[in-house]
Amino acid sequence: MALEICVKAAVGAPHVIGDCPFSQRVLLTLEEKKLSYKLHLINVSDKPQWFLKISPEGKVPVVKFDDKWVPDSDVIVGILEEKYPEPSLVTPPEFASVGSKIFPSFVKFLKSKDSNDGSEQALLEELKALEEHLKAHGPFIAGEKIIAVELSLAPKLYHLEVALGHFKKWTVPENLPYVHNYMELLFSRESFQKTKATTEHVIAGWEPKVNA
């Protein structure tokens with residue numbers, strides 16, 4: 001039986017997957033585990049009543065397990081791993097925090113109005129740490145096969161590439177070849193192509209935050 005999932009719809013395009021990296025993380029997990037699912041796209045600026053009944057805080061993603069709607073991508077991914085252990089996406093504990101500071105560093109740099117505030121340098125440090133890790137363990141975080149931690153990281157790296165490219169004309173430096181190769185491997189996966197937001201919707205999603 002197909003699992004039901006509610007994710008963010010694109011702004012101005014109610015029938016297209018939106019720019020929520022946490023929603024995409026869950027969709028990637030479903031795709032990588034080859035699970036069938038029914039998608040409900042939610043207009044987060046005008047949430048339908050039925051959705052607010054199942055998710056009173058109005059948060060996405062939410063997935064229905066045994067007649068109960070469960071929020072929070074961390075929790076959802078944990079339940080999916082437990083209920084559907086094959087193929088395993090379990091992240092070895094020692095790799096659980098790899099890349100975890102990239103997203104907050106990216107957001108800080110994206111919103112920065114002061115080129116001397118160290119936010120670009122902080123992001124570069126995080127990307128260099130990922131480079132060193134991939135150099136030692138790659139091509140993925142734990143070697144040859146994809147694991148849960150990168151299904152969380154992949155949408156965030158995509159947002160980083162799209163938003164920084166658009167708003168700051170900034171790209172990941174060429175002297176990080178392992179990171180470049182890693183992003184290429186992730187973004188070219190069928191599961192990623194099927195679940196990603198368009199670049200236009202990613203840009204539109206960040207626009208109000210950048211200009212705040």
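Predicted, not measured: the structure shown is a model, and the values here were computed from it.

Next up on the list: the pattern of salt bridges. A full pass over the atoms with the stated rule returns eight salt bridges. Salt-bridge contacts for arginine 189 lead to glutamate 32; the nearest nitrogen and oxygen are separated by 2.8 Å. You can see arginine 189 sitting in the loop between helix H7 (177-187) and helix H8 (190-195) and its partner glutamate 32 sitting in helix H1 (residues 21-32), a full 157 residues away along the chain. The exposure class assigned to arginine 189 is partly exposed, which follows from its relative accessible area of 25%. When its relative accessible area of 12% is taken as the criterion, glutamate 32 is described as buried.

Another aspect to go through is helix H6 (residues 148-167). Over its 20 residues, H6 extends 29 Å from the first C-alpha to the last, a length consistent with the 28 Å expected when each residue adds 1.5 Å. With 16 of its 20 residues buried, H6 lies for the most part within the structure. Of the residues trailing H6, lysine 169 is marked for its positive phi of about 50 degrees.

Here, UniProt's "domain: GST C-terminal" (unreviewed entry) annotation points to residues 66-212. Annotated as residues 66-212, this span is 61% helix and 3% strand, and its ends, taken at the C-alpha atoms, are 41 Å apart.

For the rest of this paragraph, the subject is the side chain of serine 112. With respect to the secondary-structure elements, serine 112 resides in the loop between helix H4 (102-111) and helix H5 (119-137). Aside from chain neighbours lying at most four places away, what touches serine 112 is Asp117, Ser119 and Lys168.

For the rest of this paragraph, the subject is the nonpolar core. Core analysis: the biggest nonpolar cluster contains 44 residues, and Phe106, Leu123, Ile141, Trp170, Tyr182 and Trp206 have the highest contact counts within it. Listing elements by their share of this core, those giving two or more residues are H4, H5, H6, H7 and helix H9 (199-210). Residue contributions to this core peak at 11 residues, all from H6. Residues within four places of isoleucine 141 in sequence aside, it is in contact with Phe95, Val98, His133, Leu134, Ile147, Val149, Glu150, Leu153 and Tyr182. Among the nonpolar cores identified, the runner-up in size contains 14 residues, and Leu3, Val26, Leu30 and Val77 belong to it.

This next bit is on the packing of H5 against H7. Closest axis-to-axis distance for the H5/H7 pair is 8 Å, and the angle between their directions is 80 degrees. Taken together, H5 and H7 sit at an angle that is classed as roughly perpendicular. From H5, Leu127, Leu130, Glu131, Leu134 and Lys135 reach across to H7, where they touch Pro177, Tyr178, Val179 and Tyr182. In terms of residue class, the contact of H5 with H7 is built from seven nonpolar, no polar and two charged.

Conventions we followed
- Residues numbered from 1 in each chain as written.
- Predicted model: local features only at pLDDT ≥ 70, side-chain atom pairs only at ≥ 80, totals over all residues.
- Heavy atoms only, no water.
- Salt bridge = Lys/Arg side-chain N within 4 Å of Asp/Glu carboxyl O.
- Helix = DSSP H or I, 4+ residues; strand = E, 2+ residues; numbered from the N terminus.
- Buried < 20%, exposed > 50% of the residue type's maximum accessible area, 1.4 Å probe, protein only.
- Expected span 1.5 Å × (residues − 1).
- UniProt positions renumbered as here; feature names shortened; annotations may be inferred.
- Contact = heavy atoms within 4.5 Å.
- Core = buried A, V, L, I, M, F, W, Y, C linked by side-chain atoms within 4.5 Å.
- Axes fitted to C-alpha atoms, helices over the stretch in contact; angles between N-to-C directions.
- Parallel < 35°, antiparallel > 145°, perpendicular 65-115°, else oblique.
- Nonpolar A, V, L, I, M, F, W, Y, C, P; charged D, E, K, R; others polar.

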